[in-house]
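# Close look at the chain arrangement
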Amino acid sequence: MATTLHSLLDQLRETRAWKSVFRRGPALTNRTRSQAVFGNLFLHWMPVKVREKSLAVRASYYLGSISFLLFLALTITGILLMFYYHPAVPQAYRDMKDLRFVVSNGVFLRNAHRLAAQLMVLLVFLHMFHVFYRGGYKPPHEFNWVVGVILLLVTLFLSYTGYLLPWDQLAFWAITVGTNIMSAMPVIGGKLRFTLLGGNLVGENALLRFYVMHVVVLPLIAFLFIGIHFWRVQKDGGLTVRSKDDGKE
Amino acid sequence: MTEKNKIETGFGSDAKKNPQRIVFVTRKTSAKVTDDRGPLLMTYPHLLLREAIAAQILTVAVVLVALFWDAPLEQLANPLLTPNPAKAPWYFLGLQELLHYFPPFVAGVILPGLVVLALIVIPYFNVNIEGAPIWERNPARHFRNYVAVIVALTVLLAAFDAWTVAAPTLAIGAVLIWSYFAKSEASAAARYFRSRPLSWWLMTWFVFVALILTLVGTFFRGPGWSWVWPWRPYGA
């Protein structure tokens with residue numbers, strides 16, 4: 001059965017239709033396997049070859065990959081949630097109730113989005129600490145470390161702006177506490193808070209602004225910097241691989 | 001005079017006129033570059049297959065948990081009814097714990113700003129790149145300086161009654177001081193801590209303090225940010 005399926009797939013890959021889509025036949029040689037990576041828009045930023053050592057689970061624990069996969073999962077569940085959400089007071093809260101009691105699988109959708117969001121914050125932190133302890137910030141990876149710090153901040157802002165959207169007590173007071181800290185900033189603090197909230201209090205303007213930040217502005221910034229981050233991994237020569245498995249490099 | 005100028009203006013591109021020594025091969029050695037980073041594998045299929053498996057495991061795990069755990073939803077937002085305590089999301093609870101001790105400008109602006117700045121500049125300092133073991137050079141002088149920093153930090157934190165920051169700081173400081181006196185041959189732990197560079201100690205201190213503050217803020221703080229025990233619920 002397995003062999004038949006395999007040969008069927010190989011036959012499919014030999015067809016003109018397949019080749020017209022993927023620009024190649026079956027990836028049976030290293031040449032076509034290279035083409036599979038650099039001839040594909042979604043994979044072209046990857047290196048064609050990777051160090052065997054960098055594939056070991058211990059080398060990365062796939063923390064960066066999982067962070068990105070969570071970002072994808074959040075994009076998908078987030079778009080589905082947007083179909084049911086109005087960034088208005090108090091309709092936003094009623095939409096939460098609708099997700100719970102009216103929408104098919106609405107509870108699951110919100111649970112998955114919330115869970116993936118918490119996991120992404122956690123994984124991005126773990127990824128950063130792991131890269132630090134492996135010495136992954138060392139030349140030539142300096143700038144990619146900086147891009148990583150930017151991505152950490154974007155992740156935190158994404159999570160924080162999403163926190164307000166359910167418009168329940170938890171959301172309202174967490175954002176009130178957080179934005180009050182901003183006022184402590186000298187000179188611009190108060191103005192910055194006013195700009196972010198669209199007023200002096202967390203109200204419907206704040207909800208709309210946080211919504212726009214959460215679903216448009218910050219995801220685009222994250223997408224841009226994720227692109228730079230991945231591309232630089234390849235340009236800087238892949239993951240940091242130690243010469244010897246233990247001790248300093 | 002002309003000889004000196006020649007060197008200063010750089011090397012000619014004509015190799016026959018200006019021969020340059022590229023490598024000096026002594027007896028019984030070779031000029032071959034040794035690369036011990038191990039063999040290379042094709043990204044397709046080796047890396048992509050692993051990424052696909054990671055994606056599948058992650059999807060199954062998230063779906064399973066999302067089926068049995070419910071995202072929290074409280075009452076409709078009410079600006080007139082302040083919950084006590086009003087807590088930020090968990091990843092900001094360390095900051096909120098700092099706000100309990102320090103003025104908002106210090107805890108909310110200066111300290112997070114310094115953390116972000118410190119993270120950014122890590123790769124631009126040679127001391128972090130070389131990563132020499134902490135007691136390798138000038139151990140006595142460095143020991144004096146580090147002890148002075150630990151003492152000054154503890155006094156400063158004590159002045160603000162910030163003991164949830166002081167306790168993990170002292171714990172890391174104690175291990176650092178112990179590692180100075182410990183003999184590398186004595187135990188694996190001594191060897192491990194003595195081989196760590198300064199950057200490792202700083203980051204470990206930061207991670208440990210952040211972890212303690214986040215745990216305290218999440219589980220041990222109740223009404224008015226007073227100390228509570230997580231197994232004794234308040235206000236229920």
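Residues numbered from 1 in each chain as written. Chains lettered and ligands numbered in written order. Predicted model: local features only at pLDDT ≥ 70, side-chain atom pairs only at ≥ 80, totals over all residues.

### Comments concerning the environment of Pro168 of chain B
All names here are of chain B. What counts here: Numbering goes from the N terminus for both helices and strands, where a helix is a DSSP run of H or I of at least four residues and a strand is a run of E of at least two. Field definition: a residue is buried when 20 or more other C-beta atoms are found within 10 Å of its C-beta, exposed when 12 or fewer are, and partly exposed for counts in between, with C-beta atoms placed from the backbone. Each residue gets a C-beta atom placed from its backbone, and two residues are in contact if those atoms lie within 7 Å.
Of note, Pro168 is situated in helix H7 (residues 163-181). Take Pro168: there are 19 C-beta atoms within 10 Å of it, and that puts it in the partly exposed class. For Pro168, the residues in contact, after removing those within four places along its chain, are Phe208, Val209 and Ile212.

### Describing the confidence of the model for chain B
All names here are of chain B. Definition in use: Confidence of the prediction at every residue is given by pLDDT, a number between 0 and 100.
On average, residues of chain B carry a pLDDT of 89, and 92% of them reach 70 or more. Of all secondary-structure elements in chain B, the lowest mean pLDDT belongs to helix H1 (residues 2-8), at 50, while helix H9 (residues 198-219) reaches the highest, 96. Interface predicted TM-score (ipTM) for the complex: 0.89; the corresponding pTM is 0.89.

### As for the packing of helix H6 (residues 63-82) of chain A against helix H8 (residues 106-133) of chain A
Residue and element names in this part refer to chain A. Heads up, the rule is: Axis angles are defined between N-to-C directions and span 0 to 180 degrees, where every axis is a line fitted to C-alpha atoms and, for a helix, only to the segment in contact. Angles are sorted into four bins: roughly parallel if under 35 degrees, roughly antiparallel if over 145, roughly perpendicular if 65 to 115, and oblique for all others. Here a crossing is called left-handed whenever its near helix is offset anticlockwise from the far helix by less than a right angle, and right-handed whenever the offset is clockwise. For this classification, the nonpolar set comprises Ala, Val, Leu, Ile, Met, Phe, Trp, Tyr, Cys and Pro, the charged set comprises Asp, Glu, Lys and Arg, and every other residue, Gly included, is treated as polar.
Between H6 and H8, the shortest axis-to-axis distance is 8 Å and the interhelical angle comes to 155 degrees. As far as their axial angle goes, H8 and H6 are roughly antiparallel. In terms of crossing hand, the pair formed by H6 and H8 is left-handed. A class-by-class count of the residues in the contact of H6 with H8 yields 17 nonpolar, seven polar and one charged.

### Side note on the nonpolar core
One broad rule of soluble globular proteins: the nonpolar side chains tend to lie buried together. Residues and elements named next belong to chain A. So the rule is basically this: To count as a nonpolar core, a set of buried Ala, Val, Leu, Ile, Met, Phe, Trp, Tyr and Cys residues must be joined through C-beta atoms within 7 Å.
Grouped together as the largest cluster of nonpolar side chains are 70 residues, with contacts concentrated most on Leu70, Ala116, Met120, Leu164, Trp167 and Ala171. A per-element tally of this core places H8 first, with 12 residues. Those residues in contact with Leu70, other than ones at most four positions away along the chain, are Ala116, Leu119, Met120 and Leu123.

### Let's talk about the interface of chain B and chain A
Quick note on the threshold: Strand pairing is defined by DSSP finding a minimum of two bridges between the two strands.
Facing 56 residues of chain B, the contacting portion of chain A comprises 65 residues. When residues of the side of chain B that touches chain A are assigned to their parent elements, the largest contribution, 14 residues, is made by helix H2 (residues 43-68) of chain B. Residue composition of the side of chain B that touches chain A, by class: 40 nonpolar, nine polar and seven charged. The sheet contact formed by strand S1 (residues 49-51) of chain A and strand S1 (residues 40-42) of chain B spans three bridges and is antiparallel. What sits directly across from Val50 of chain A, in S1 of chain B, is Leu41 of chain B.

### A closer look at unusual backbone geometry
A cis amide bond links Val89 of chain A with the next residue in sequence, Pro90 of chain A, at an omega value of 0 degrees. Tracing the backbone through its elements, the reader meets Pro90 of chain A in the loop between H6 and helix H7 (91-101). The step from Asn84 of chain B to Pro85 of chain B runs through a cis peptide bond, and the omega angle for that step is 5 degrees. Its location among the elements puts Pro85 of chain B in the loop between H2 and helix H3 (93-101). One non-glycine residue, Trp167 of chain A, adopts positive backbone phi at about 55 degrees. As for its position among the elements, Trp167 of chain A is in the loop between helix H9 (142-164) and helix H10 (169-182).

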